[in-house]
Amino acid sequence: DTYLNQNYSFDNFIEGDCNRLARSAGFAVAQRPGLTSFNPLMVYGGVGLGKTHLVQAIGNYIRNHFNEKVVMYVSSEKFTNQFINSIRNNVLQDFTDFYMKVDVLVIDDVQFLSGKEKTQDTFFHIFNHLHQLGKQIIMTSDRPPRELQGLQDRLLSRFKWGLTADLQTPDFETRIAIIQKKLQAEGIFIENDVIEYVAHSVNSNVRELEGVIISLMAQASLTRREIDVELAKNTLRNIVLNEEKEVTIDTIQEVVADHFEITVADMKSKSRKKESVYPRQLAMFLAKEYTDLPLKSIGYHFGGRDHSTVIHSIQSINELMGSDPDVDETVQKLRSYFK
Ligand code: ADP
Ligand code: MG
């Protein structure tokens, strides 16, 4: 498995002033992987601006046009977890061999490697090996390389060997085009004044824009109303109100329990059944990520467990994320509720 998501393509990546350079560099790399001077290709930009979409589009294009090439997409978080697991299980060699055999390595969100010295050492060797063989390396980061603190200088200097291109916040015209494309894909027609109203009001990033469009469609079908400016205003007002809510441990427990179709009481209970242990561990993992609560207090909220149980849960989820794609996918999905 290459962990590429087929839904991301160049066809559904809207081009605009905000992303033109990154997109065309990406397309050049997709057409001639390893043969352009854009190696590595480093795409950076804030959250929700299309980094993952673009690099996955490159990966998909290569996979569809070059049958023989092995394309591997991995998030840096997952790469780190796999690395840690491989050490624990004494199979580090297999891990490095695996990555050294790919033709195209896409590694997402490298800022996550910050401070992880051993993971960086191994990535450094993999990078050198691939680069020397003329294999294509594609990376993303939430900031420009020079601002990546906690990354080794020898890595940063290699990141600059190729091309660094940024994704910027979409301009008004691009936002309009994105909304139109999205609606078209859903087979929905909306008057221009509504589209413009939304494009004016939502100007932070594409993920948020998509969220608003989805809410808008949901509102319209729930209330059996046409999507007009009035409805758009109401929807946006609700979304803004929702955003101000901070993520509490109660919300996390509810969302995770809902997802696994168990009750919050099950989650807090003493039960050691698999059906409740895994959701419980996941909820603890997310509580650590999204709240400022100390481990002891997280344990307290889960039926009075002690802090070592919380630590164990977090470790166990981290391990599973590295070894089981389903777990990784579930974590990403649950996270998307809190962002
Ligand atoms: P990032 O990785 O930078 O946080 P994503 O690639 O996950 O952002 O993009 C967030 C959402 O916005 C995705 O659903 C993606 O398909 C969409 N998106 C981002 N940029 C574009 C674009 N230029 N055209 C169409 N959709 C886009
Ligand atoms: Mg991303």
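Residues numbered from 1 in each chain as written. Chains lettered and ligands numbered in written order. Predicted model: local features only at pLDDT ≥ 70, side-chain atom pairs only at ≥ 80, totals over all residues. Heavy atoms only, no water.

## Concerning the overall build of the protein
1) Next: From N to C terminus, the protein includes 16 helices and 5 strands.
2) Next: Expected size for 339 residues packed as a compact globule is a radius of gyration near 20 Å; at 22 Å, the protein falls within 12% of this value.
3) Next: Viewed in the frame of its principal axes, the protein has a C-alpha envelope of about 60 × 55 × 35 Å.
4) Next: Summarising the internal contacts of the protein: among those between residues at least 6 apart in sequence, 74% fall at separations of at least 24. (Helix = DSSP H or I, 4+ residues; strand = E, 2+ residues; numbered from the N terminus. Rg over C-alpha atoms; globule rule 2.2 N^0.38 Å. Contact = heavy atoms within 4.5 Å.)

## Description of the domain arrangement of the protein
1) Next: Partitioning the protein into structural domains gives domain 1 (20-166), domain 2 (172-244) and domain 3 (249-338).
2) Next: Relative placement of domain 2 and domain 3: their C-alpha centres are 33 Å apart. (Domains from an automatic or database assignment.)

## Some points on the packing of aromatic side chains
1) Next: Summed over all chains, the structure comprises 13 aromatic pairs.
2) Next: Between Phe-79 and Phe-95, the aromatic rings sit 5.2 Å apart at their centres with planes inclined by 55 degrees, giving tilted as the arrangement. In this pair, Phe-79 sits in helix 3 (residues 76-88) while Phe-95 sits in helix 4 (residues 92-100), placing the two residues 16 residues apart along the sequence. By the burial criterion, Phe-79 is buried, and Phe-95 matches it. (Phe/Tyr/Trp six-rings, centres within 6.5 Å; stacked < 30°, edge-to-face > 60°. Buried < 20%, exposed > 50% of the residue type's maximum accessible area, 1.4 Å probe, protein only.)

## So, a negative patch on the surface
1) Next: On the surface, Glu-191, Asp-193, Glu-196 and Glu-226 cluster together to form a negatively charged patch.
2) Next: Locating Glu-226 in the fold gives a position in the loop between helix 9 (206-223) and helix 10 (229-244). (Patch = residues over 30% accessible without salt bridge, like charges linked within 9 Å, V, L, I, M, F, W, Y side chains within 5 Å. Areas by Shrake-Rupley, 256 points an atom, 1.4 Å probe, with all protein chains shown as cover. Salt bridge = Lys/Arg side-chain N within 4 Å of Asp/Glu carboxyl O. Lys, Arg positive; Asp, Glu negative; His and termini not counted. Charge placed at Lys NZ, Arg CZ, Asp CG, Glu CD.)

## A few points about unusual backbone geometry
1) Next: Omega for the peptide link from Asn-39 to Pro-40 comes to 5 degrees, which places this bond in the cis form.
2) Next: Here Pro-40 shows up in the loop between helix 1 (20-31) and strand 1 (41-44).
3) Next: The backbone of Asn-90 sits at a positive phi, close to 60 degrees, despite the residue not being glycine.
4) Next: Within the secondary structure, Asn-90 is located in the loop between helix 3 and helix 4.
5) Next: One non-glycine residue, Asp-109, lies in positive phi territory at about 60 degrees.
6) Next: Here Asp-109 lies in the loop between strand 3 (104-108) and helix 5 (117-132).
7) Next: For Asp-109, a relative accessible area of 26% corresponds to the partly exposed category.

## Quick notes on the site of ligand 1
1) Next: Inspection of the region around ligand 1 gives 16 residues, with Ile-14, Gly-48, His-53, Arg-207 and Glu-210 positioned closest.
2) Next: Gly-50 is positioned such that a nitrogen or oxygen atom in its backbone is 3.1 Å from an oxygen atom of ligand 1.
3) Next: Here ligand 1, which alone exposes 560 Å², has 89% of that area covered by the protein.
4) Next: Counting only elements with at least two residues in the shell around ligand 1, the list comes to helix 2 (51-65) and helix 9. (Near = heavy atom within 4 Å. Polar contact = N/O pair within 3.5 Å; in protein donor to acceptor, adjacent residues only side chain to side chain.)

## Considering helix 4
1) Next: The set of residues buried in helix 4 consists of Phe-95, Thr-96 and Tyr-99. Buried residues of helix 4 fall within an arc of 90 degrees about the axis and therefore sit on the same side.
2) Next: Contact partners of the buried residues in helix 4: strand 2 (71-75), helix 3, strand 3 and helix 5. (Arc of directions from axis to C-beta.)

## A look at the environment of Val-47
1) Next: Along the chain, the position of Val-47 falls in the loop between strand 1 and helix 2.
2) Next: Sequence spacing of Val-47 and Glu-208 is 161 residues, and the spatial spacing of their C-alpha atoms is 9.8 Å.
3) Next: Ignoring anything within four residues of it in the chain, the contact list for Val-47 reads Asn-205 and Arg-207.

## With respect to the sheet that holds strand 5 (residues 163-166)
1) Next: In space, the 5 strands of this open sheet follow the order 2-3-4-1-5, with parallel pairing throughout. In the strand order of this sheet, the two ends are held by strand 2 and strand 5, each with one partner. Each strand of the sheet is rotated relative to its neighbour by a mean of 15 degrees, with strand direction disregarded.
2) Next: Of the pairings in the sheet, the one linking strand 2 to strand 3 comprises 5 bridges and is parallel in character. Paired with Ser-75 across the two strands is Asp-108, which belongs to strand 3.
3) Next: Lying on the sheet, helix 1 is in contact with strand 1, strand 4 (136-141) and strand 5; it crosses strand 5 at an angle near 140 degrees.
4) Next: Here helix 5 sits on the sheet in contact with strand 3 and strand 4, set at roughly 140 degrees to strand 4. (Pairing = 2+ DSSP bridges. Axes fitted to C-alpha atoms, helices over the stretch in contact; angles between N-to-C directions.)

## Some details on the environment of Asp-166
1) Next: Summarising the element assignment, Asp-166 is placed in strand 5.
2) Next: Assessed through its relative accessible area of 24%, Asp-166 is described here as partly exposed.
3) Next: Residues Asp-166 and Val-91, 75 residues apart in the sequence, show an inter-C-alpha distance of 36 Å.
4) Next: Residues contacting Asp-166, with those up to four places away along its chain left out, are Cys-18, Ala-22 and Tyr-44.

## Notes on the packing of helix 11 (residues 249-260) against helix 16 (residues 325-338)
Helix-helix packing is described using two parameters, namely the angle between the two axes and the distance between the axes.
1) Next: At a closest axis distance of 11 Å, the pairing of helix 11 and helix 16 adopts a crossing angle of 135 degrees. When the interaxial angle is binned, helix 11 and helix 16 end up oblique. Both helix 11 and helix 16 take part in a crossing whose hand is right-handed. For the pair helix 11 and helix 16, contact is made by Thr-251, Ile-252, Val-255, Val-256, His-259 and Phe-260 and by Thr-330, Lys-333, Leu-334, Tyr-337 and Phe-338, respectively.
2) Next: Of the residues contributing to the contact of helix 11 with helix 16, the split by class is 7 nonpolar, 3 polar and 1 charged. (Parallel < 35°, antiparallel > 145°, perpendicular 65-115°, else oblique. Left-handed = near helix turned anticlockwise from the far one by under 90°. Nonpolar A, V, L, I, M, F, W, Y, C, P; charged D, E, K, R; others polar.)

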